[in-house]
Amino acid sequence: MSPGPAGLEARRFADWAEDAARLRRAYEARARVSALEAPEALAQRSTEDGPRFFDALFSGLSLDGPLRCLDVGCGTGGLLDFLAARFPGAPLARYLGLDLVPAFVEHAAARAEGRRIEFRRADFLDPAFRLDERFGVVVACGALVHYVRHYPAYLDAMLRKMLACTERHLLFNVIAGIDDTSPNYARAPVPGEPFALGKDPLFRVLEGLPGITYDIRDLRLFPDAVDSFVRIEKDPPARSSRSATTRRSHASAGSGSDRRCHRIEKSKPSAANGSSRTSSP
Ligand SMILES: C[S@@+](CC[C@H](N)C(=O)[O-])C[C@H]1O[C@@H](n2cnc3c(N)ncnc32)[C@H](O)[C@@H]1O
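Now for a quick tour of the structure. (Residues numbered from 1 in each chain as written. Predicted model: local features only at pLDDT ≥ 70, side-chain atom pairs only at ≥ 80, totals over all residues.)

## Topic: the site of the ligand
So, step 1. Surrounding the ligand, one finds 25 residues, the nearest of these being Gly73, Gly75, Phe124, Gly142 and Ala143.
So, step 2. Taken together, the elements giving at least two residues each to the shell around the ligand come down to helix H1 (5-33), helix H2 (49-58) and strand E2 (92-99).
So, step 3. Sort the elements by how many residues they give to the shell around the ligand and H1 lands first, with three residues. (Near = placed C-beta within 6 Å. Helix = DSSP H or I, 4+ residues; strand = E, 2+ residues; numbered from the N terminus.)

Written out as structure tokens, the structure is:
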């Protein structure tokens, strides 16, 4: 007998918990061979990569007044430096960084300041993990680019939980497309490895979210992939009652910088080896 909707959902959450554990182990393996400050620990290629992705996510966003930010998949908390430099007029009233990897959270804890700036180890999607607090901006930079089973449903579940935590803005990126010849990406989906979601599944997930407007910018920040940078804004309460989702705009910029970030560059295999990517532990 096939499981009912509740059984199906429970099975998906169990799969997602397993995939989160795989992802955590993959990052822990990286952290064992590179210093936690090194970009490679976060699957980046250069120290400028983090700021470049943050810049793309926050581009065009104007923030005034005290900023309250939830950083889902915060890594070692690099977003803090970016926010201070990019929004000098929006003092950071509250920052909460969450990550799966204990070593990242422990490292980032040196930046913590009482209740104002805080880091916690958590699997954000774990049903047992709940936040009572709400934030002006919720960010997931590089946290949704890894393949997870039932990927579109996973993205939908993550976005709904993040939307429940934001009063207004939600910013995230996913991989829209990859170069077929690149050795940096798996051809077949491998949990824990970066993977292109594609535009149609992204649109379908976004169109299913009630009470929001969104815009998407496609940027080729790496030569072998295009990332979609998505900015969601929650409708003010009066408009949300219509529960409508509006696609506000979609800009595509095919030629970005040649610098790559967030996804470690692998050497190109010989033609005889094909172009598949090895999976992380
Ligand atoms: C590519 S790193 C980016 C780190 C940081 N946001 C930055 O841009 O420097 C992605 C991070 O997301 C974290 N992550 C992925 N899924 C997560 C989840 N479900 N809950 C908490 N953290 C998660 C990973 O552990 C990893 O540290």
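## A short note on the nonpolar core
So, step 1. Counting 73 residues, the largest nonpolar core has Leu57, Val72, Val139, Leu155 and Ile175 as the members making the most contacts within it.
So, step 2. Other than its neighbours up to four places away in sequence, isoleucine 175 contacts Val145, Pro194, Phe195, Ala196, Leu197, Ala225 and Asp227. (Core = buried A, V, L, I, M, F, W, Y, C linked by C-beta atoms within 7 Å. Buried ≥ 20, exposed ≤ 12 C-beta atoms within 10 Å, placed from the backbone. Contact = placed C-beta atoms within 7 Å.)

## What to know about the pairing of strand E6 (residues 212-222)
So, step 1. Burial within E6 is extensive, with eight of its eleven residues counted as buried.
So, step 2. Here nine bridges tie E6 to strand E7 (residues 225-234), and the two strands are oriented antiparallel to one another. From the neighbouring strand, threonine 213 faces E7, where its bridge partner is glutamate 233.
So, step 3. Where E6 folds back onto E7 in an antiparallel hairpin, the turn is made up of two residues. (Pairing = 2+ DSSP bridges.)

## Re the packing of helix H5 (residues 151-165) against helix H6 (residues 199-207)
Helix packing geometry: the angle between the two helix axes and the distance between the axes.
So, step 1. At a closest axis distance of 10 Å, the pairing of H5 and H6 adopts a crossing angle of 40 degrees. Where H5 crosses over H6, the handedness of that crossing is right-handed. Every residue of H6 that contacts H5 at Pro152, Leu155, Asp156 and Leu159 is listed here: Pro201, Arg204 and Val205.
So, step 2. Within the contact of H5 with H6, the residues separate by chemical class into five nonpolar, no polar and two charged. (Axes fitted to C-alpha atoms, helices over the stretch in contact; angles between N-to-C directions. Left-handed = near helix turned anticlockwise from the far one by under 90°. Nonpolar A, V, L, I, M, F, W, Y, C, P; charged D, E, K, R; others polar.)

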